[in-house]
Amino acid sequence: MIIVRTIKEMQEAKKGLSGSIGFVPTMGALHQGHLSLIQQAKKENDHLIVSIFVNPTQFLEGEDLDAYPRREEADIKICEVAGVDIVFMPAIGQMYEKDELCIGAPAIRGYILEGEKRPGHFDGMLQVVMKLLNLSGATRAYFGKKDAQQLVLIAQMVKNYFMDVQIIPCEIVRDEKGLALSSRNVYLSAEEKERALCLSRALKRASKMVMAGELAVSVIRKEMRTVLDEADKVEYVAIVDRAFNALEEIEIGNTIILVAAWVGKPRLIDNIWI
Ligand code: AMP
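Calculation notes
Residues numbered from 1 in each chain as written. Predicted model: local features only at pLDDT ≥ 70, side-chain atom pairs only at ≥ 80, totals over all residues. Heavy atoms only, no water. Core = buried A, V, L, I, M, F, W, Y, C linked by side-chain atoms within 4.5 Å. Buried < 20%, exposed > 50% of the residue type's maximum accessible area, 1.4 Å probe, protein only. Helix = DSSP H or I, 4+ residues; strand = E, 2+ residues; numbered from the N terminus. Contact = heavy atoms within 4.5 Å. 1 Å grid on protein atoms, 1.4 Å probe; cavity = no way out; pocket = protein on both sides within 12 Å on 5 of 7 lines; lining within 4 Å. Points joined across faces, edges and corners; volume = space filled by probe spheres on them. Pairing = 2+ DSSP bridges. Axes fitted to C-alpha atoms, helices over the stretch in contact; angles between N-to-C directions.

1. Observations regarding the nonpolar core
Next, step 1: Ranked by size, the top nonpolar core spans 33 residues in total, and within it L126, V129, L133, M157, V165 and I167 carry the most contacts.
Next, step 2: Of all the secondary-structure elements, those providing two or more residues to this core are α1 (7-15), β2 (21-26), β4 (86-88), α6 (121-136), β5 (140-144) and α7 (148-160).
Next, step 3: Of the residues forming this core, the biggest block, nine residues, is contributed by α6.
Next, step 4: Excluding its chain neighbours within four sequence positions, the residues that come into contact with V165 are L133, A138, T139, R140, A141 and V158.
Next, step 5: Of all hydrophobic cores here, the second largest spans 27 residues; its members include L179, A196, A202 and I250.

Here you go:
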């Protein structure tokens, strides 16, 4: 495994690869969720690149950019054991210059839900993902369904800009109680961790209602809100189709149910694909 910190080194390292390249972009503090993406990419490709970069342009003023968990040494070990070929860990100065050309998230899908609560977040996310996809030369790039809106927007960017890379959606990894793994879970106290389970519980309740034949979005959202009572603040409960258009009725096979809520310090998101 080689660790690469500059653009030049990355471009050089890539030249030596023949065959398919699997790529997993991350912000580090790697957990089992990241690892599942890495393992899938390892299985499906000849070479494996993981990037670790806490991207400043996707954090809004006042968000946790400085406090975002960083665990470089542990992350490198995890990548080594997982059989990663190249770990790309650039400094901010390698990735950006002043007065850059920018990519904008789509006006509607990029500014609802996460995009409404965090305006500009998806612009910065797409900007860095475009750079990373170009640099890595990925054949396939792996993204978690955990960040559903992010995943859908990246797939749209690849389609709209005719990029030659396959976007592979990966299942959400949860702990034994159902909490979706996230680097931000380290901020949760034991008591908050228990309460944080209300997000996955609300999603489970919704899926049970659908299985029992309830398809009305307003009824399901109302019921989910009662389960989410344990959160400190619920930001949204949304039911959309796979292109993030609002729905009045669940469409089996084409629906995503999403929640965002604050529990203690972190803002948590979770979703289920129906
Ligand atoms: P991050 O480091 O938070 O930017 O995440 C890097 C990638 O890992 C993204 O594609 C996330 O969607 C994915 N990811 C994060 N948590 C999970 C999880 N619990 N299950 C599956 N994928 C995840």
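2. Examining the layout of surface pockets
Next, step 1: The space that makes up the second largest pocket amounts to roughly 270 Å³.
Next, step 2: I52, F53, V54, R70 and E72 are, among the 17 residues lining the second largest pocket, the residues nearest its centre.

3. Focus on the sheet that holds β5
Next, step 1: A sheet is described by the order of its strands in space; here six strands give the open sequence β1-β4-β3-β2-β5-β6, paired in parallel fashion. Of all the strands in the sheet, just β1 (2-4) and β6 (166-170) have a single pairing partner and so form its edges. Neighbour-to-neighbour, the strand axes of the sheet open up by a mean angle of 25°, direction not taken into account.
Next, step 2: Bridging between β2 and β5 involves two bridges; their strand directions are parallel. If you follow G22 over to β5, its bridge partner there is R140.
Next, step 3: On top of the sheet, α1 reaches β1, β2, β3 (47-52) and β4; it is set at about 140° to β1, its chief contact.
Next, step 4: Contacts from α7 reach β5 and β6, with the element oriented near 170° to β6.

Everything listed here is a matter of coordinates, which is why it stays silent on function.
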